[in-house]
Amino acid sequence: MRRRRMIWKIFPSFLLVTILTIAGVMLYVDHEFRRFYSARTIEALTARARLFEGCLEHGDAGSDRSRIDALCKELGARTATRITVIRPDGVVVGDTDHDPATMDNHSDRPEVREALRGEVGSQLRRSDTLDQNMMYVAVPLRSKGSDVAVIRTAISLGSFESTLRVIHSRVVLGGVLALTVAGVLCWLVARRITRPLEELRRGVAQFGRGGLDQRLRVPDSDEIGAVAQAMNEMAASLDARLKTIGEQRHEMEAVFDAMAEGVLVVDLDERVLHLNRSAEKILGVTLAFAKKRFVQEVARNPDLQSFVRSTLASDAPVEGDVAWRAGEERHFQARGTSLRNASGVKTGSLIVLNEVTRLYRLERVRRDFVANVSHEMQTPITSIYGYAETLMDKDSRTDELTEKAAQAIVRQAGRLSLLVDDLLELSRIEKQAEAKEIPLSRGSIREVLESAIETCGTASEDRGVPIRLECPEDIQADINPELLERALVNLLDNATKYSERGKQVDLSCEATPGEVIIRVRDEGCGGAREHLPRLFERFYRVDKARSRSLGGTGLGLAIVKHIVLAHRGTVAVESEVGKGSLFTIVVPRSSGGN
Ligand code: ADP
């Protein structure tokens, strides 16, 4: 509904009151003026009639008609009054304006009838003869107690009417002037009343648009001033409260965004209301995009979608697992709680996603490890079991068979022992590294390298793959010589193991100001690119049968990796099938550096 401005409500009322007052004054003046003028006219006409009466001689009325008529004409013309003499029977005997003979009987005229009753009669009416408003006064003329005639005097009210019109037009003019002045005054007064209200309205509208730091001007009028003052106080308190709420909200958002867990808020229609930074990263969308969209649009993950549905359906907190399988596999533990408004009505759900990918992977590694160890042990144990049974069978036991079974048992027991040794070694290094118990001390790298070559010497000679060393004398670094040697022995052993007779292995070392770089290069079988990232995993082997036949346990490179990590270094491999491999260890020279 369109609202009218207050000034348009006040102003017309003022105007109406003014117009009514002026109209009332005009009517009153008109009425009083007419009354006054009529009374005066009647008095004057009565006096003129009495004077005329004095001019008549008694008994004239009935006898000398022509004299009376002439007298009427003469005195009437002199006094600008129409004088008519009427006999009691109504016959006109003299008249200023007309020939009495042509005039009709006047006994029916109201003023005449009154005069015939012995009173002064008067009437204001329109004269048909003159076509003007006339005032008539009729006075009885009596002689010896009986009516002789009626003298009627009349004047035209034309001049009075025109005077009245002039007065009317002046009053109207004055009225219009008064109205104009009153209108202007009304307008000014109305504006004076409404302007502070209008200012108040604009100020409050400004508050509504959030401009709560502005203040209303307090006018000097008591009531409006008090309202403005109250509004200002209200705005100040609202402003303070909003600021507090804003600060609390920012704190909440900061906490939300700092959380490592992903937080997702949805309404009952499964539309996203809020996401924190972590949730943005997990879902790969921004809050701006996700807001008001359905969860199905924002996260194309069936686990999450069904979890959201189940939290919305339940009043109790819900827990579940959510996995992302597209791309890099990620696992989350999800917890959902209902959101309620101030009246306790459910309005949506809050879902917290806690990433457990690392735990999940560790758990899988542990499971795989147990399975791998069992699997690795199963073959030698089965084999030992079979040969032992053969030995126990006295009937088929021959010296040759006994010899063969004993050798096999020793070989398989050796494999088991190697496996257990490697496992124990690995777990010892891991445990010590975790407890930071591996001591590092400044030592010569060349000495470690030479010692490793010596350890592998026999095997290298047996395999016909010599090892060549290239290392400056003076390279020193913070190392654990036994462990570093063990790592190099593993690499050199592999290098000679996976090379054909007649090939060569190069062990070299160089130093940068901060690091020592040790390289083991061979010209052996190499490995395909897809295997390389996994070579350092426990039990990972490119060719299981070949590794086993060469006495490998599949743990050598895993041990290397853990030793290098204990030195806070890195190990990498480059390889090409048929051309050879290059293993590079980089360790910091000082245990204080990186
Ligand atoms: P293994 O006891 O089987 O040698 P490792 O952990 O030492 O176990 O090595 C893991 C796998 O990496 C090996 O089975 C082999 O397939 C591959 N490998 C390691 N070193 C080399 C190398 N120098 N040349 C080619 N392949 C290698």
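Residues numbered from 1 in each chain as written. Predicted model: local features only at pLDDT ≥ 70, side-chain atom pairs only at ≥ 80, totals over all residues. Heavy atoms only, no water.

## Description of the site of the ligand
Point 1. Near the ligand there are 20 residues, and of these Asn494, Ser547, Thr553, Gly554 and Leu557 occur at the shortest range.
Point 2. Separating an oxygen atom of the ligand from a side-chain N or O atom of tyrosine 498 is a distance of 3.1 Å.
Point 3. A distance of 2.8 Å is found between an oxygen atom of the ligand and a backbone nitrogen or oxygen belonging to leucine 557.
Point 4. Considered on its own, the ligand offers 530 Å² of accessible surface; in the complex 96% of this is hidden by protein.
Point 5. Every element with two or more residues in the shell around the ligand is listed here: helix H14 (481–497), helix H16 (556–566) and strand E17 (580–588). (Near = heavy atom within 4 Å. Polar contact = N/O pair within 3.5 Å; in protein donor to acceptor, adjacent residues only side chain to side chain. Areas by Shrake-Rupley, 256 points an atom, 1.4 Å probe, with all protein chains shown as cover. Helix = DSSP H or I, 4+ residues; strand = E, 2+ residues; numbered from the N terminus.)

## Comments concerning empty space enclosed by the protein
Point 1. Following the criterion strictly, the structure yields 2 cavities of 30 Å³ or more and no others.
Point 2. Lining of the largest cavity is provided by Glu376, Pro380, Arg415, Leu416, Leu418, Leu419, Gly551, Gly552 and Thr553.
Point 3. Mapped onto the lining of the largest cavity, the elements with two or more residues apiece are helix H11 (357–392) and helix H12 (399–434).
Point 4. Of the residues assigned to the lining of the largest cavity, the class counts are 4 nonpolar, 3 polar and 2 charged.
Point 5. Considered as a void within the structure, the second largest cavity measures approximately 30 Å³ in volume.
Point 6. When grouped by side-chain class, the residues that make up the lining of the second largest cavity number 6 nonpolar, 1 polar and 1 charged. (1 Å grid on protein atoms, 1.4 Å probe; cavity = no way out; pocket = protein on both sides within 12 Å on 5 of 7 lines; lining within 4 Å. Points joined across faces, edges and corners; volume = space filled by probe spheres on them. Nonpolar A, V, L, I, M, F, W, Y, C, P; charged D, E, K, R; others polar.)

## Observations regarding the packing of aromatic side chains
Given two aromatic rings, their pairing is described by the distance between the two centres and the angle made by the two planes.
Point 1. Within the structure shown, the criterion is met by 3 aromatic pairs.
Point 2. Where tryptophan 324 meets phenylalanine 332, the ring centres are 5.5 Å apart and the plane angle is 75 degrees; that geometry is what we call edge-to-face.
Point 3. Judged by its relative accessible area of 16%, tryptophan 324 falls in the buried class.
Point 4. Geometrically, the ring pair formed by phenylalanine 369 and phenylalanine 539 is tilted, given 5.8 Å between the ring centres and 40 degrees between the ring planes. Of this pair, phenylalanine 369 sits in helix H11 while phenylalanine 539 sits in the loop between strand E15 (515–521) and helix H15 (544–549), and the two are 170 residues apart along the sequence.
Point 5. By relative accessible area, phenylalanine 369 is classed as partly exposed at 23%.
Point 6. The aromatic ring of tyrosine 136 is capped on one face by arginine 125, whose charged end is 4.2 Å from the ring centroid.
Point 7. If you follow arginine 293 out to its NZ or CZ, it ends over the ring of phenylalanine 289, 4.1 Å from the centre. (Phe/Tyr/Trp six-rings, centres within 6.5 Å; stacked < 30°, edge-to-face > 60°. Buried < 20%, exposed > 50% of the residue type's maximum accessible area, 1.4 Å probe, protein only. Lys NZ or Arg CZ within 6 Å of the ring centre and 35° of its normal.)

## A look at unusual backbone geometry
Point 1. If you check the backbone angles, glutamate 270 has positive phi at about 70 degrees while not being a glycine.
Point 2. The residue glutamate 270 is located in the loop between strand E6 (262–267) and strand E7 (272–275) in this model.
Point 3. Classification of glutamate 270 as buried rests on a relative accessible area of 14%.

## Looking at the pairing of strand E9 (residues 330–340)
Point 1. Of the strand pairs in this sheet, strand E8 (residues 318–324) and E9 are connected by 7 bridges, and their pairing is antiparallel. Bridge pairing links tryptophan 324 to arginine 330 in E9.
Point 2. Here E8 folds back onto E9 in antiparallel fashion, the turn holding 5 residues, of which glycine 327 has a positive phi close to 70 degrees.
Point 3. Summarising the sheet, E9 and strand E10 (residues 346–355) pair through 9 bridges and their orientation is antiparallel. Paired with arginine 335 across the strands is valine 352, a residue of E10.
Point 4. Here E9 folds back onto E10 in antiparallel fashion, the turn holding 5 residues, of which glycine 344 has a positive phi close to 85 degrees. (Pairing = 2+ DSSP bridges.)

## Observations concerning the sheet that holds strand E4 (residues 132–143)
Point 1. Strands sit in the order E2-E1-E5-E4-E3 across an open sheet of 5 strands; the sheet is antiparallel. Across the chains shown, the open sheet's two edge strands, defined by having one partner strand only, are strand E2 (92–95) and strand E3 (121–127). Averaged over all pairs of adjacent strands, the angle between their axes in this sheet comes to 25 degrees, without regard to strand direction.
Point 2. As judged from the 7 bridges shared by E3 and E4, these two strands associate in the antiparallel manner. Looking at the pairing, serine 122 lines up with valine 137 of E4.
Point 3. Lying on the sheet, helix H3 (residues 65–79) is in contact with strand E1 (82–86) and E2; it crosses E2 at an angle near 35 degrees. (Axes fitted to C-alpha atoms, helices over the stretch in contact; angles between N-to-C directions. Contact = heavy atoms within 4.5 Å.)

## A look at the sheet that holds strand E16 (residues 570–576)
Point 1. In space, the 5 strands of this open sheet follow the order E12-E14-E15-E17-E16, with mixed pairing throughout. A strand with exactly one partner marks an edge of an open sheet, and here the two such strands are strand E12 (467–470) and E16. Ignoring which end each strand starts from, the neighbouring axes of this sheet average 15 degrees apart.
Point 2. Running at roughly 175 degrees to E12, helix H13 (residues 445–463) makes contact with E12, strand E14 (505–511) and E15 of the sheet.
Point 3. Those strands touched by H14 are E12, E14, E15 and E17, and its axis lies near 25 degrees from that of E15.

## Some details on the pattern of salt bridges
Charged atoms that come close allow side chains of opposite charge to pair.
Point 1. Applying the stated rule across the entire model yields 42 salt bridges.
Point 2. Across the pair glutamate 363 and arginine 366 runs a salt bridge, and its minimum N-O distance is 3.1 Å. Of the two residues, glutamate 363 and arginine 366 are both situated in helix H11; the distance of 3 residues between them amounts to about one turn of the helix.
Point 3. By relative accessible area, which is 34% here, glutamate 363 ends up partly exposed.
Point 4. When the shortest N-O distance is used, the salt bridge between arginine 446 and glutamate 473 registers 3.5 Å. Pair noted here: arginine 446 is in helix H13 and glutamate 473 is in the loop between E12 and strand E13 (476–479), with a separation of 27 residues, a long-range link.
Point 5. The class for glutamate 473 is exposed, based on a relative accessible area of 59%.
Point 6. Here the salt bridges share partners, and the residues they tie into one network are Asp422, Glu425, Arg428 and Arg486. (Salt bridge = Lys/Arg side-chain N within 4 Å of Asp/Glu carboxyl O.)

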